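Each chain, letter by letter, is given below.
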Amino acid sequence: MLTILITYCGVGAIAGVLAGLLGIGGGLVIVPMLIYIMGAQGVSTEILMHMALGTSMASIMFTSISSFMAHHKRGAVRWEVVRRIVIGIFTGTFIGSCFAAAMSTGFLKGFFCIFLFVVATQMIMNKKPKASRDLPGTLGMFATGNIIGGVSSLVGIGGGTLSVPFMVWCNIPVHHAIGTSAAIGLPIAVAGTIGYIFNGWGLASLPAYSIGYINLPALVGIASISVLTAPLGVRLAHSLPVDKLKRIFAVLLYVVGTKMLIGLI
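Residues numbered from 1 in each chain as written. Predicted model: local features only at pLDDT ≥ 70, side-chain atom pairs only at ≥ 80, totals over all residues. Heavy atoms only, no water.

Student: An account of helix α3 (residues 48-73) is needed here, citing residue identities and associated values.
Tutor: For α3, with 26 residues, the first-to-last C-alpha span of 38 Å sits near the 38 Å given by 1.5 Å per residue. Where α3 bends most, at Thr63, the angle is about 30°. Positive backbone phi, at 70°, marks Gly75, one or two positions downstream of α3. (Helix = DSSP H or I, 4+ residues; strand = E, 2+ residues; numbered from the N terminus. Expected span 1.5 Å × (residues − 1). Bend = angle between axes of the 7 residues up to and from the residue.)

Student: An account of unusual backbone geometry is needed here, citing residue identities and associated values.
Tutor: In this structure, Asn171 is a non-glycine residue whose phi angle is positive, near 70°. Here Asn171 is to be found in the loop between α7 (160-169) and α8 (174-200). Here the phi dihedral of Tyr209 falls at roughly 60°; this positive angle occurs in a residue that is not glycine. The topology assignment puts Tyr209 in the loop between α8 and β1 (210-211). For Tyr209, a relative accessible area of 56% corresponds to the exposed category. (Buried < 20%, exposed > 50% of the residue type's maximum accessible area, 1.4 Å probe, protein only.)

Student: Can you lay out the nonpolar core for me, pointing to particular residues and giving the numbers?
Tutor: Within the largest apolar cluster, 67 residues are counted, with the highest numbers of intra-cluster contacts made by Leu34 and Met38. No other element matches α3, which puts 10 residues into this core. If we ignore the near neighbours within four places in the chain, the residues touching Met38 are Tyr8, Val43, Leu48, Met51, Ala52, Thr55, Asn215 and Ala218. (Core = buried A, V, L, I, M, F, W, Y, C linked by side-chain atoms within 4.5 Å. Contact = heavy atoms within 4.5 Å.)

Student: So what's going on with the packing of helix α5 (residues 105-125) against helix α6 (residues 138-155)? Which residues, and what values?
Tutor: At their nearest, the axes of α5 and α6 sit 9 Å apart, and the two run at 115° to each other. In terms of their interaxial angle, α5 and α6 are classed as roughly perpendicular. Residues Leu108, Phe111, Phe112 and Phe115 of α5 pack against Val151, Leu154 and Val155 of α6. Considered class by class, the residues forming the contact of α5 with α6 number 7 nonpolar, no polar and no charged. (Axes fitted to C-alpha atoms, helices over the stretch in contact; angles between N-to-C directions. Parallel < 35°, antiparallel > 145°, perpendicular 65-115°, else oblique. Nonpolar A, V, L, I, M, F, W, Y, C, P; charged D, E, K, R; others polar.)

Student: Can you lay out α6 for me, pointing to particular residues and giving the numbers?
Tutor: Between its terminal C-alpha atoms α6 stretches 26 Å, which fits the 26 Å expected from 18 residues at 1.5 Å a residue. Those residues of α6 lying buried are Met141, Thr144, Gly145, Asn146, Ile148, Gly149, Gly150, Ser152, Ser153, Leu154 and Val155. Buried positions along α6 lie against α2 (27-40), α3, α4 (79-102), α5, α7 and α8. Just past α6, the residue Gly156 takes up positive phi, approximately 70°.

Student: Help me get a handle on the packing of aromatic side chains, residues and values and all.
Tutor: Going through the model one piece at a time under the given rule, you end up with 6 aromatic pairs. Summarising the aromatic geometry, the rings of Phe107 and Phe111 are spaced 6.5 Å apart at their centres and angled 25° between planes, so their arrangement reads as stacked. With Phe107 and Phe111 both in helix α5 and 4 residues apart, the pair spans about one turn of that helix. Look at Phe111 and you get partly exposed, because its relative accessible area is 26%. Here Phe117 and Tyr254 contribute two aromatic rings whose centre-to-centre distance is 5.9 Å and whose plane-to-plane angle is 25°, an arrangement assigned as stacked. Of this pair, Phe117 sits in helix α5 while Tyr254 sits in helix α10 (residues 242-264), and the two are 137 residues apart along the sequence. Here Tyr254 falls in the partly exposed class, since its relative accessible area comes to 25%. A network of ring pairs unites the aromatic residues Phe99, Phe107 and Phe111 as a single cluster. Across from the ring centre of Trp169, 5.1 Å away, lies the NZ or CZ of Arg133, which sits over that ring. (Phe/Tyr/Trp six-rings, centres within 6.5 Å; stacked < 30°, edge-to-face > 60°. Lys NZ or Arg CZ within 6 Å of the ring centre and 35° of its normal.)

What follows is the structure, encoded as structure tokens:
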């Protein structure tokens, strides 16, 4: 058990540094690593992707709190936006987790790979949407929240890769968009965690020390260390060539996504 916990702490350390350094969601790092580690531990292939996604969402609950509090201290969280989108976020994320629970590991891996390729391409091209409109009304924010939450639950992320471009497109300054996205990550993580616990509750094939699709040793190891290493990544971002590192990381995402796809063939 100690060896397993140390391994997961290592995952958390890497995820935290990369999240702080590159401004990416930790789930993009955590999910592939959990697939590899849990697979090596003998977790059933039928629930392997579900366990990785659920555990990733649970770990984001803790990292998002430290992140949005730091942004809030700098006045970078637009709480009126959070209030307007949070209901859609909750419903979309929970429904998405229920949908994911009904899908096969193969389908979820394929969807995750496609998402990796999209994110990697955006990193390499470094294109940002032009601010060309205002935030939509109540119904539009509800629909947007459902989309962001639904996709996030299917790939185990806090939603920043979707919510930041949306808010920039809607004329919100980028530093406010990032801070607000960090705050939105908490309800995404909470709703996703509830959904993955609810849909995995009582399954006979669950690994030891699991609550639904949440593996507790993995959660403790990742969350406890990633919270500590994320600030290190932020500090490194001020001294390293982040744009070049993002392109290198994008290539890594292509490699990971391709390897996962080959495994499905």
